Amino acid sequence: QVQLVESGGGLVQAGGSLRLSCAASGRTLSSTFMGWFRQASGNKRAFVAGISRNGWTTYVDSVKGRFTISKDNAKNTVYLQMNSLKPEDTAVYYCALRVGFYSDYEGSYDYWGQGTQVTVSS
């Protein structure tokens, strides 16, 4: 059974940084597409960033230049480095695994973590 466990969320001031981690078990990341999504209060869950099996990355426009997705296949862990955080980045962040290629559609992902709260104060 695949399990994804996120960590690293918290409260940070605007302009600060956080690094989220997503540890996977039950499936190797070297054969999957991994995505980070976020859901702000009252909003739908939305794609933030993704990384392919060969390391190709993609980002939503609002985080380009501030967020970096990476992975360590040996540790089976995906990271989301978030710099220059803004209050509008406040949300619950989820990592998700897709047995296939790139997609920003949450319904196409096969497994989800439980989420980690990120709160950015102004």
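Note: the structure precedes this text.
Residue numbering note: each chain is counted from 1, following its sequence as written. With pLDDT at 70 or above as the cut-off, local features in this predicted model cover only qualifying residues; side-chain atom pairs require 80 or more to be listed or tallied, and sums for whole chains, interfaces and linings still use all residues. As a rule here, side-chain values cover all heavy atoms of the structure and leave hydrogens and water aside.

Asks: With reference to specific residues and values, describe the overall build of the protein.
Replies: Comment: elements are numbered from the N terminus, with helices defined as DSSP H or I runs of at least four residues and strands as E runs of at least two. From N to C terminus, the protein includes zero helices and eleven strands. In the protein, the succession of helices and strands from N to C terminus is β-β-β-β-β-β-β-β-β-β-β. What you see for the protein is a C-alpha radius of gyration of 13 Å, in line with the 14 Å of a compact globule of 122 residues. By principal-axis analysis of the C-alpha atoms, the protein measures approximately 40 × 30 × 25 Å. Any two residues having at least one pair of non-hydrogen atoms within 4.5 Å are treated as being in contact. Taking all contacts inside the protein whose residues are at least 6 apart in sequence as the whole, residues at least 24 apart take part in 58%. Counting 12 positive and 8 negative side-chain charges, the protein places the centres of these two groups 4 Å from one another. This radius of gyration counts C-alpha atoms alone. The globule rule is 2.2 Å times how many residues there are, raised to the power 0.38. Working convention for charge: Lys and Arg count positive, Asp and Glu count negative, and His plus the chain ends are omitted. In plain terms, the charge of a residue is placed at NZ if it is Lys, CZ if Arg, CG if Asp and CD if Glu.

Asks: Before we move on, could you go through the state of the cysteines and cite the residues and values that matter?
Replies: Criterion for a disulfide: a pair of cysteine sulfur atoms at a distance within 2.5 Å. Tallied over the entire structure, the rule returns one disulfide. Disulfide partner of Cys22: Cys95, at an S-S distance of 2.0 Å. Of note, the bridge from Cys22 to Cys95 carries an S-S torsion of about 55° and is right-handed in sense. One end of the pair, Cys22, is in strand β3 (residues 18-25); the other, Cys95, is in strand β9 (residues 91-98), and 73 residues separate them in sequence. Whether a residue is buried, partly exposed or exposed follows from its accessible area with a 1.4 Å probe, protein chains only, as a fraction of its type maximum: under 20%, in between, or over 50%, in that order. Cys22 sits in the buried class, given a relative accessible area of 1%.

Asks: I'd like to hear about the sheet that holds strand β7 (residues 67-72), residue by residue, with values.
Replies: Two strands pair under a simple rule: DSSP has to find at least two bridges between them. On the basis of which strands lie adjacent, the open sheet formed by four strands has the order β1-β3-β8-β7 and antiparallel pairing. Here the strands that pair on one side only, and so sit at the sheet edges, are β1 (3-7) and β7. Pairwise comparison of adjacent strand axes, ignoring direction, gives a mean angle of 15° for this sheet. Bridge analysis of β3 against strand β8 (residues 77-82) gives six bridges, and the strand direction is antiparallel. In the sheet register, Leu20 faces β8, and the bridge partner there is Leu80. Axes here refer to lines fitted to C-alpha atoms; in helices the fit is confined to the stretch in contact. Angles between the N-to-C directions go from 0 to 180 degrees.

Nothing here speaks to function; it is all geometry.
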